Amino acid sequence: MNKFLNIISLCFFVCCVSLLYSCSTQEVDKIILSGQWKFQIDSLDQGIRERWYAREFSDSIILPGSMPEQQKGLPVGYHTKFTGNTWKEYPAGKSWFDDENYKPYLSDDKFRYPFWLISDYHYVGRAWYQKEITLPEGWKDKSIELYLERPHWETQLWVNNAYVGLKNALGVPHTYDLSKFLKVGSNIITICIDNRVNDINVGIDAHSISDNTQSNWNGIVGDIQLIRKDVIAISNVRIFPDIAKNSARLEIELKNSSQQKQSGQLKIAASVFNNEKVQDVKSIEVAFDSGTDSSSVIVNLPLGDEVLLWDEFHPNLYELRVELQSGDNSDLWTGNFGMREFRAQDRGFSINGRPVFLRGTLECAIFPKTGYPSTDVEAWERIINVCKAHGLNHIRFHSWCPPKAAFRAADKLGFYYQVEASSWATNLGAGNGVDQWLYEESERMVAAYGNHPSFCLMPYGNEPHGKNHKAYLTEFVKYWKARDSRRVYTTGAGWPIIPENDFHNVHRGTRIQGWNQNLNSIINKEAPRSDYDWEKTVAELTAPMVSHEIGQWCVYPNFKEIPKYDGVLKATNFEIFQKSLEAHGMLHLADDFVKASGKLQALCYKADIEAALRTKGFGGFQLLDLHDFPGQGTALVGVLDPFWDEKGYISPEEFRQFSNETVPLARFTKMIFTSDEKIEADIEVAHYGEHEMTSEVPTWKVVDEKGQLVRKGAFNKQDLHWGHNQKLGSISETFEVESASKFQLQVDVAGFVNSWDFWVYPDKLPEVGNDILVVSTLNKTALETLEEGGKVLLTVKKGSIKEGKGGEVAVGFSSMFWNTAWTNGQKPHTLGILCNPDHPALSEFPSEYHSNWQWWDAMSHSNAISLEDFANKPDPIVRIIDDWVTNRNLALIFEAKVGIGKLIMTGVDLQSDLETRPEARQLLFSLKKYMSGDNFKPQTEVQADEIISLTPF
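1. A closer look at the overall build of the protein chain
Next, step 1: The secondary structure content of the protein chain amounts to 14 helices and 49 strands.
Next, step 2: On C-alpha atoms alone, the protein chain measures out to a radius of gyration of 32 Å, which is about the 30 Å that the 2.2 N^0.38 rule sets for 953 residues.
Next, step 3: Taken over the C-alpha atoms alone, the protein chain extends approximately 105 × 70 × 50 Å along its principal axes.
Next, step 4: Here the protein chain holds 953 residues, and 61% of them are scored as buried.
Next, step 5: Taking as baseline every contact in the protein chain between residues at least 6 positions apart, the subset at least 24 positions apart corresponds to 73%.
Next, step 6: With the model as given, the accessible surface of the protein chain reaches about 36600 Å², and the carbon-plus-sulfur share is 46%.
Next, step 7: Here the protein chain carries 97 positive and 125 negative side-chain charges, and the mean point of each set is 2 Å from the other.

Printed below as a string of structure tokens:
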């Protein structure tokens, strides 16, 4: 509340200053309308019929701001009708709050929701905002515009009870011409804002309007002001750089409200900023003649012989000033632009003729503090700097368009944007209102933001649907390609591929885990390697491919984040998951789950990104996501949290090793070797730095688990050009080991270092554990052995655990994809392993506390073992981290006392096909060696019947 009291004071001061100046000889050209407005909710939708614009409202609100930000609306609860799909399918008559995974953790005293962040108050419908303003005498007979930045969504406007009009833009300011409606002195402005989906259905999951991400709020959150203009003024300037001619073509749009022809002079000047270098641009003057309404003046502005270009390495910007003089009328327009040419070139992109590879993430309108995107430049500079620290150069705005502050920040810092027309349409091309609206919205976006050099790519929006969507989007692409060449265009993010596309933004065949691939993806079905790429996918294409939404790898919720949600949106979903984990007796493991699953998540992202970098003829990738997506079932897919803060398991420097302008790459045909095999890898580099390199000598080294140098070498001196697949050389080495060993290959190219873990196991293992009975079921012999105080290793075949005992859990190597709640249980259902790597049972199976590639075989031949029904729950040697929705206590390997006998049970099949599974041989050896020694002293006693109950035999 103090925040809004401060805003009131500040805005009152600003308004007073503005009005004081209006009474002086120095006339102001703006009146700031921020501050307190009168307010009324129209929950019964009666306001227009009952002419509320003619009444005075009893409530008040602060603008800029939103209703939920100021606890306006209806308390959120089970009755709330959110904007967005839950996608979780329940039996008839059942809902999410009947779900046994959520129901025990719901209460009457506080509403909790599992699928996305929620505010305390929610409202969808019309709300009315009203303010009395005083128009200075000097504004008489002037052109006056009302400027509303970032209203949500549809606005209707009345001035002094007279209807002005309706606007329904989502991505640009709403502007109204009030010249004919305002009078000198007191005026009443009344705005009705409607955040429902009405005739224009952009899709209830579109991030421009969905509760899944920013929330479906009602209000105005940017600048609110009246702008005074003379009767002949500059309404807009479109700037088209021509770097070949060192000039810029200007389309200067004039608005004439005098109803008489006008003539005059335009003085045009430009100057460089965002660079220490001073460059003089000679100003020019141009005469114009205007019609009685609107007209355009086309001007070519020479910028001199030493034009400074804009890109990610040198974001040089020009400020353009256009001064109009026509008799007593004058105007000044200023705006920034960059001299750049962003093009699709062959199957890649270029900027100013230099190849560029897009390394991107998504921004899905995730702003928990406010529930809406920031209109502050510094806030966007922070986001971009975080992205750059992780080696990225690109953001895709998924189904929404950011505010001007985002463009200004990207221009300043040198960052490339893909901007979309606020839609995730479900029936595109069917002749509904959204079809025409998308043309209008994209026109508005380009008019408002088209001069920004950061605005480089534009599809209509996300993943289109409808039987006519392909034909509709073909025309959309053709329209924009013919209309504006300052950026490249495609149909939609996700699909379809058409010949007219400047680039394609597709997911099929361009990521290591696809939607509904479950356990049949590269990372879950094929043994670990790093020699695959997507060349077959793109080989027949003639336009660049940017892979759509790669990654989507989950990490366990970080409950330490909960206090950070101290703004509008609250993480009650985290509270449900936390209570669930506590109920299952594992709350003490929460931090370990985050770190261990996070390490696996980072490994998966590395594999995804490197596959893109290895692909010949590839244009870039777009991660989903560098930071968490808190909606759509709770998709914890970020190595950063929703506030763009680190989670503690991978640093920007570590991430940047495999996602940067220059990335060394190694093509391993496998990652697990035996000592009689050669470790071979082809080494290459993907280079998209500022300059090509000459006479570089790439080096390599292998270190052991302690970081000690084992081998090193260098490749031939060579020149490195821009692009993929630049071969540096090959490594072929033999490592004789007496015991299982982990190594790491590190490759250094001009200071850019990347690394890969690999393992070497002895090709022959000694006999061990002759006193151990190895069985696949707890049969009569095994029971007798335990009864006699013997040792039993129970290693079950995959698929042999009952449902309800762990058999229902789909175990895979990778982390979960997106989440299980929103995908109706896509596999895998798990988040890797957690173990104590110093446990003596793993002494011959080198491991970290988390999954790494040497665990792929185990996870691919395993069952999860549920310990939920055990009277005494053993602490697993190796634990499987379950989905946070179910939070089952799952083991991969555990030990226990059974009577006077001793047991290790593993869900991994350690008996089948051992001749082709060196990891299984090695793990079996390690367990048996432990069981043969004096350290094998299980402390937790379990009943034989509890073990028998796990299997159907």
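Now that the structure has been shown, we can carry on.
2. Description of the packing of aromatic side chains
Next, step 1: Inspection of every chain in the model, using the stated rule, returns 65 aromatic pairs.
Next, step 2: Pairing Trp480 with Tyr489 gives two aromatic rings, centres 6.1 Å apart and planes at 20 degrees, and the pair type is stacked. Each member of the pair, Trp480 as well as Tyr489, is classed as buried.
Next, step 3: Across from the ring centre of Tyr176, 5.5 Å away, lies the NZ or CZ of Lys167, which sits over that ring.
Next, step 4: A cation over an aromatic ring shows up here: Arg486 above the ring of Phe240, its NZ or CZ 4.2 Å from the ring centre.

3. Here we look at the sheet that holds strand E26 (residues 358-363)
Next, step 1: Pairing is parallel across the open sheet formed by seven strands, whose spatial order is E30-E29-E28-E27-E26-E32-E31. The two strands at the open ends of the sheet, each matched to only one other strand, are strand E30 (488-489) and strand E31 (546-551).
Next, step 2: Where strand E28 (residues 416-418) lies against strand E29 (residues 455-458), two bridges are found, and the strand directions are parallel. Pairing of Tyr417 across the sheet is with Phe455, part of E29.
Next, step 3: Against the sheet, helix H2 (residues 377-389) contacts E26, strand E27 (394-397) and E28, and its axis sits at roughly 125 degrees relative to E27.

4. A short note on the sheet that holds strand E33 (residues 662-668)
Next, step 1: Ordered by their spatial adjacency, three strands build an open sheet running E33-E35-E40, and the pairing between neighbours is antiparallel. Across the chains shown, the open sheet's two edge strands, defined by having one partner strand only, are E33 and strand E40 (723-734). Taken pair by pair, the neighbouring strands of this sheet meet at an average axis angle of 25 degrees, ignoring direction.
Next, step 2: Contacts between helix H9 (residues 590-613) and the sheet are confined to E33, strand E35 (678-687) and E40, with E33 contributing the most and set at about 100 degrees to the helix.

5. Describing the packing of H2 against helix H3 (residues 404-413)
Next, step 1: It is at 8 Å that the axes of H2 and H3 come closest, and there the two elements cross at 50 degrees. Here H2 is positioned oblique relative to H3, judged by the angle of their axes. Taken as a pair, H2 and H3 cross one another with a handedness that is right-handed. In this structure, H2 uses Val377, Trp380, Glu381, Ile384, Asn385 and Lys388 to contact H3, whose residues at the interface are Ala405, Ala406, Arg408, Ala409, Ala410, Lys412 and Leu413.

6. Some thoughts on the pattern of salt bridges
Next, step 1: Evaluation of the coordinates by the stated rule reveals 52 salt bridges.
Next, step 2: Between Glu50 and Arg55 there is a salt bridge, with the nearest N and O atoms lying 3.8 Å from each other.
Next, step 3: The class of Glu50 is partly exposed, set by a relative accessible area of 37%.
Next, step 4: When the shortest N-O distance is used, the salt bridge between Glu808 and Arg888 registers 3.3 Å.

7. Considering H3
Next, step 1: With eight of its 10 residues buried, H3 lies for the most part within the structure.
Next, step 2: Buried within H3 are the following residues: Lys404, Ala405, Ala406, Phe407, Ala409, Ala410, Asp411 and Leu413.
Next, step 3: Check the buried side of H3 and you find it contacts strand E8 (143-148), strand E21 (317-326), H2, E28, helix H4 (433-449) and E29.
Next, step 4: At the exit of H3 stands Gly414, carrying a positive phi of roughly 80 degrees.

8. Some words on the pairing of E31
Next, step 1: E31 sits mainly inside the fold: six of its six residues count as buried.
Next, step 2: Where E31 meets strand E32 (residues 620-624), four bridges bridge the pair, whose relative direction is parallel. Along E32, the bridge assignment pairs Ser547 with Phe621.

9. So, the environment of Thr175
Next, step 1: With respect to the element layout, Thr175 can be found in strand E12 (residues 174-177).
Next, step 2: A C-alpha to C-alpha distance of 24 Å links Thr175 and Trp480, two positions 305 residues apart in sequence.
Next, step 3: The residues touching Thr175, leaving out its near neighbours within four places in the chain, are Glu145, Leu146, Tyr147 and Lys167.

10. Describing the environment of Lys706
Next, step 1: Positionally, Lys706 belongs in the loop between strand E37 (699-704) and strand E38 (709-714).
Next, step 2: Taking the C-alpha atoms as reference points, Lys706 and Phe743, 37 residues apart in sequence, are found 9.1 Å from one another.

Rules of the game
- Residues numbered from 1 in each chain as written.
- Predicted model: local features only at pLDDT ≥ 70, side-chain atom pairs only at ≥ 80, totals over all residues.
- Heavy atoms only, no water.
- Helix = DSSP H or I, 4+ residues; strand = E, 2+ residues; numbered from the N terminus.
- Rg over C-alpha atoms; globule rule 2.2 N^0.38 Å.
- Buried < 20%, exposed > 50% of the residue type's maximum accessible area, 1.4 Å probe, protein only.
- Contact = heavy atoms within 4.5 Å.
- Areas by Shrake-Rupley, 256 points an atom, 1.4 Å probe, with all protein chains shown as cover.
- Lys, Arg positive; Asp, Glu negative; His and termini not counted.
- Charge placed at Lys NZ, Arg CZ, Asp CG, Glu CD.
- Phe/Tyr/Trp six-rings, centres within 6.5 Å; stacked < 30°, edge-to-face > 60°.
- Lys NZ or Arg CZ within 6 Å of the ring centre and 35° of its normal.
- Pairing = 2+ DSSP bridges.
- Axes fitted to C-alpha atoms, helices over the stretch in contact; angles between N-to-C directions.
- Parallel < 35°, antiparallel > 145°, perpendicular 65-115°, else oblique.
- Left-handed = near helix turned anticlockwise from the far one by under 90°.
- Salt bridge = Lys/Arg side-chain N within 4 Å of Asp/Glu carboxyl O.

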